[in-house]
Amino acid sequence: MNILFVGPQGSGKGTQAQIIAKQLHLAHISTGDLLRSAQGELKKEIDAVINSGKLVSDELMIKILKERLSHQDTKNGFILDGFPRNLSQAKALDKIAKIDKVVEIAISDDESVSRLSGRLTCSKCSAIFNTKTNPPKQNMVCDICKSHLKIRADDTEEAIRKRLDIYHKETEQILEHYPDALIRINGEQPIERVTEDILNSLE
Ligand code: AMP
């Protein structure tokens, strides 16, 4: 099964994608993580775009994604987290893979800003915590791999607002591209309830 997770920044789509991928034995592909792990020449260019809250070019994103989808671990199915971000990426994806379900995790803009201002990310395993809703057991230390947690450079109020603006203008449109596959989940619930709702709706 190939699933897309769509939602505004801070909706918990990354957290849920990690949990659901593990439970259903699917590959979890976060395009944000793919970009953040870029090396060499490309890294500076990509970091500058990400930190400003803008999107990297469709051309580059699709090239990186195509390469990732050619790996063996995606053959049983995958969860795409953060892609497509606009209609042109959705159309490009049509040519690469068949999408079975699209899970939209909905939260308000105010909730998004409030959550992102407390987000902590593990620099090693990409696990996500939140100072308010999901704090790590030990201050700034990842529960899973014990590495140091950090605040993402694009989690400033200005970059968050910019990303929300792009989400409403460009990303929301893609939901209409998948009328038969779309599942809408209320993201303003505890993490376990959201997971439960997603799993029930995928059955
Ligand atoms: P995320 O981790 O999904 O919040 O993504 C962080 C940043 O990576 C975004 O704000 C964009 O700059 C970039 N990014 C992630 N996915 C995409 C995509 N599908 N297309 C273009 N840029 C992306």
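For the structure itself, look to the data block above.
What comes next concerns the included structure. (Residues numbered from 1 in each chain as written. Predicted model: local features only at pLDDT ≥ 70, side-chain atom pairs only at ≥ 80, totals over all residues. Heavy atoms only, no water.)

### Focus on the overall build of the protein
For the protein, the count of helices and strands is eight helices and eight strands. Computed over C-alpha atoms, the radius of gyration of the protein comes to 16 Å, within 12% of the 17 Å expected from 2.2 N^0.38 for 203 residues, which places it in the range of a compact globule. Split into buried and exposed, the 203 residues of the protein put 47% on the buried side. Put simply, of all contacts in the protein between residues at least 6 apart along the chain, 71% involve residues at least 24 apart. Counting 29 positive and 30 negative side-chain charges, the protein places the averaged centre of each group 4 Å from the other. (Helix = DSSP H or I, 4+ residues; strand = E, 2+ residues; numbered from the N terminus. Rg over C-alpha atoms; globule rule 2.2 N^0.38 Å. Buried < 20%, exposed > 50% of the residue type's maximum accessible area, 1.4 Å probe, protein only. Contact = heavy atoms within 4.5 Å. Lys, Arg positive; Asp, Glu negative; His and termini not counted. Charge placed at Lys NZ, Arg CZ, Asp CG, Glu CD.)

### Digging into the pairing of strand S3 (residues 78-81)
Of the two faces of S3, the one holding Phe78 and Leu80 and the one holding Ile79 and Asp81 are both buried throughout. Summarising the sheet, strand S2 (residues 27-30) and S3 pair through four bridges and their orientation is parallel. Directly across from Ser30, in S3, lies its bridge partner Asp81. (Pairing = 2+ DSSP bridges.)

### Concerning the sheet that holds strand S4 (residues 101-106)
Pairing is parallel in the open sheet, where five strands are placed in the order S2-S3-S1-S4-S8. Each edge of the sheet is formed by a strand with only one pairing partner; in this case those strands are S2 and strand S8 (182-186). Put simply, the sheet's adjacent strands are angled 20° from each other on average, direction ignored. Bridging between strand S1 (residues 2-6) and S4 involves four bridges; their strand directions are parallel. From the neighbouring strand, Leu4 faces S4, where its bridge partner is Val102. (Axes fitted to C-alpha atoms, helices over the stretch in contact; angles between N-to-C directions.)

### Remarks on the site of the ligand
What surrounds the ligand is a group of 17 residues, the closest being Thr31, Arg36, Lys54, Gly82 and Gln89. Separating an oxygen atom of the ligand from a backbone N or O atom of Lys54 is a distance of 2.5 Å. Residue Arg85 places a side-chain N or O atom 3.2 Å away from an oxygen atom belonging to the ligand. Protein chains bury 97% of the 480 Å² of accessible surface belonging to the ligand in isolation. Of all the elements, helix H2 (residues 31-36) adds the most residues to the shell around the ligand, at four residues. Partitioned by chemical class, the residues of the shell around the ligand number six nonpolar, four polar and seven charged. (Near = heavy atom within 4 Å. Polar contact = N/O pair within 3.5 Å; in protein donor to acceptor, adjacent residues only side chain to side chain. Areas by Shrake-Rupley, 256 points an atom, 1.4 Å probe, with all protein chains shown as cover. Nonpolar A, V, L, I, M, F, W, Y, C, P; charged D, E, K, R; others polar.)

### Remarks on the environment of Thr31
Among the structural elements, Thr31 can be located in helix H2. Between the alpha carbons of Thr31 and Glu157 there is a distance of 22 Å; along the sequence they are 126 residues apart. Once you skip the residues sitting within four places of it in the chain, Thr31 turns out to touch Met61, Leu65, Asp81, Gly82, Phe83 and Arg85.

### Description of the side chain of Thr121
For Thr121, the position within the fold is in strand S5 (residues 119-122). Among the residues examined, Thr121 registers a relative accessible area of 14% and is labelled buried. Once residues within four sequence positions are removed from consideration, Thr121 is found in contact with Ser126, Ala127, His148, Leu149, Lys150 and Arg152.

### Considering the environment of Gln173
For Gln173, the position within the fold is in the loop between helix H7 (157-171) and S8. Overall, the relative accessible area of 38% leaves Gln173 in the partly exposed class. For Gln173 and Pro136, which are 37 residues apart along the polypeptide, the C-alpha to C-alpha distance reads 35 Å. Only 3.1 Å separates the side chain of Gln173 from the backbone oxygen of Lys169, close enough to count as a polar contact.

### Remarks on the environment of Asp58
Within the element layout of this structure, Asp58 appears in helix H4 (residues 58-69). The partly exposed category is assigned to Asp58, whose relative accessible area is 22%. Asp58 sits 27 residues away from Arg85 along the chain, and the two C-alpha atoms are 9.1 Å apart. Within the local environment of Asp58, its side chain forms a polar contact with the side chain of Gln89, the two groups lying 3.0 Å apart.

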